[in-house]
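Working through the structure, step by step
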Amino acid sequence: MRAALLTPLGRLVVGETEGVITSLRWSDEGAADDSPLLRQALAQLAGYFAAERQTFDLPLDWGEGLHARVRRAMAAIPFGQTRSYGEIARAVGAPAQAVGQACGANPVPVIIPCHRVLGAAGLGGFSARGGVETKAALLRHEGTLLL
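Calculation criteria
Residues numbered from 1 in each chain as written. Predicted model: local features only at pLDDT ≥ 70, side-chain atom pairs only at ≥ 80, totals over all residues. Heavy atoms only, no water. Phe/Tyr/Trp six-rings, centres within 6.5 Å; stacked < 30°, edge-to-face > 60°. Helix = DSSP H or I, 4+ residues; strand = E, 2+ residues; numbered from the N terminus. Buried < 20%, exposed > 50% of the residue type's maximum accessible area, 1.4 Å probe, protein only. Core = buried A, V, L, I, M, F, W, Y, C linked by side-chain atoms within 4.5 Å. Contact = heavy atoms within 4.5 Å. Axes fitted to C-alpha atoms, helices over the stretch in contact; angles between N-to-C directions. Parallel < 35°, antiparallel > 145°, perpendicular 65-115°, else oblique. Nonpolar A, V, L, I, M, F, W, Y, C, P; charged D, E, K, R; others polar. Pairing = 2+ DSSP bridges.

1. Thoughts on the packing of aromatic side chains
- The final tally for this structure, using the stated rule, is 3 aromatic pairs.
- Each ring, one from Tyr48 and one from Phe49, has its centre 5.0 Å from the other, and the planes form 85°; the classification is edge-to-face.
- On the numbers, 6.2 Å between centres and 80° between planes, the contact of Tyr48 with Phe79 is edge-to-face. With Tyr48 in helix α1 (residues 36-49) and Phe79 in the loop between α2 (65-75) and β4 (83-84), the pair connects residues that are 31 residues apart, well separated along the chain.
- The exposure class of Phe79 is partly exposed, given its relative accessible area of 21%.
- Of the aromatic side chains, those joined through ring pairs into one cluster are Tyr48, Phe49, Phe56 and Phe79.

Right under this line is the structure:
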């Protein structure tokens, strides 16, 4: 099941499978499924983009192994703060490159805030539509990047 929300950064489509949020992606396609969980996810995302919400409280598919550890570490980064790939790597006991790959594979950006993970010498990458410009916009929204 999927539902869409128009945000300042484009249309986001949220996916649900068996009672957990499994995806969030930028897409021009409409999505009109309906469930209590999708309504809750859209409401929380709308609140985030309206600067009325700083956290998400949704059941998520965390994945397995390193990806799950990295996703949980990203989800623990508070609104308005950042961590480096190296800091996450030390926290989960993995090389920074593997953490970067896990961040890039995050199926639920924004809700699992991979945009809050930065490179040692800059923003690092962002695999969503708009790339690093979208990452910078999310960080500015949170008051973290003041450029």
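Now that the structure has been shown, the text picks up again.
2. Topic: the nonpolar core
- Counting residues in hydrophobic clusters, the biggest one holds 40 residues, and the most contacted among them are Leu45 and Val99.
- Among the elements that make up this core, the one with the highest residue count is α1 (7 residues).
- Once residues lying within four places of it in the same chain are set aside, the contact partners of Leu45 are Leu5, Leu12, Val14, Leu24, Phe56, Val110 and Ile111.

3. A closer look at the packing of α2 against helix α4 (residues 96-104)
- Orientation of α2 relative to α4, taken along the N-to-C sense of each, is 80°, at an axis distance of 9 Å. With respect to their mutual orientation, α2 and α4 come out roughly perpendicular. Contacts between α2 and α4 involve Leu66, His67, Val70 and Met74 on the former and, on the latter, Ala98, Val99, Ala102 and Cys103.
- Classifying every residue of the contact of α2 with α4 gives 7 nonpolar, 1 polar and no charged.

4. Details of the side chain of Ser35
- Structurally, Ser35 can be placed in the loop between β3 (20-26) and α1.
- Excluding residues that lie within four positions of it along the chain, Ser35 makes contacts with Met1 and Glu16.

5. So, the pairing of β3
- Pairing geometry for strand β2 (residues 10-17) and β3, over 6 bridges, is antiparallel. Paired with Glu16 across the strands is Ile21, a residue of β3.
- Where β2 folds back on β3, the antiparallel hairpin that results is connected by 2 residues, among which Glu18 adopts a positive phi of roughly 50°.

6. Examining the sheet that holds β3
- Read from one edge of the open sheet, 3 strands run β1-β2-β3, paired in antiparallel fashion. Among the strands making up the open sheet, the edge pair consists of β1 (2-7) and β3. Across the sheet, the mean angle separating the axes of adjacent strands is 25° when strand polarity is ignored.
- Each of β1, β2 and β3 is contacted by α1, which is oriented at about 145° to β2, the strand it contacts most.

7. Details of the pairing of β1
- With burial as the criterion, only one face of β1 is covered, namely that bearing Ala3, Leu5 and Thr7; the residues Arg2, Ala4 and Leu6 on the opposite face remain uncovered.
- In terms of strand pairing, β1 meets β2 through 6 bridges, oriented antiparallel. Looking across to β2, one finds that Leu5 is bridged to Leu12.
- Between β1 and β2, which pair antiparallel in sequence order, lie 2 residues.

Such coordinate-based values are descriptive only and should not be taken to indicate function.
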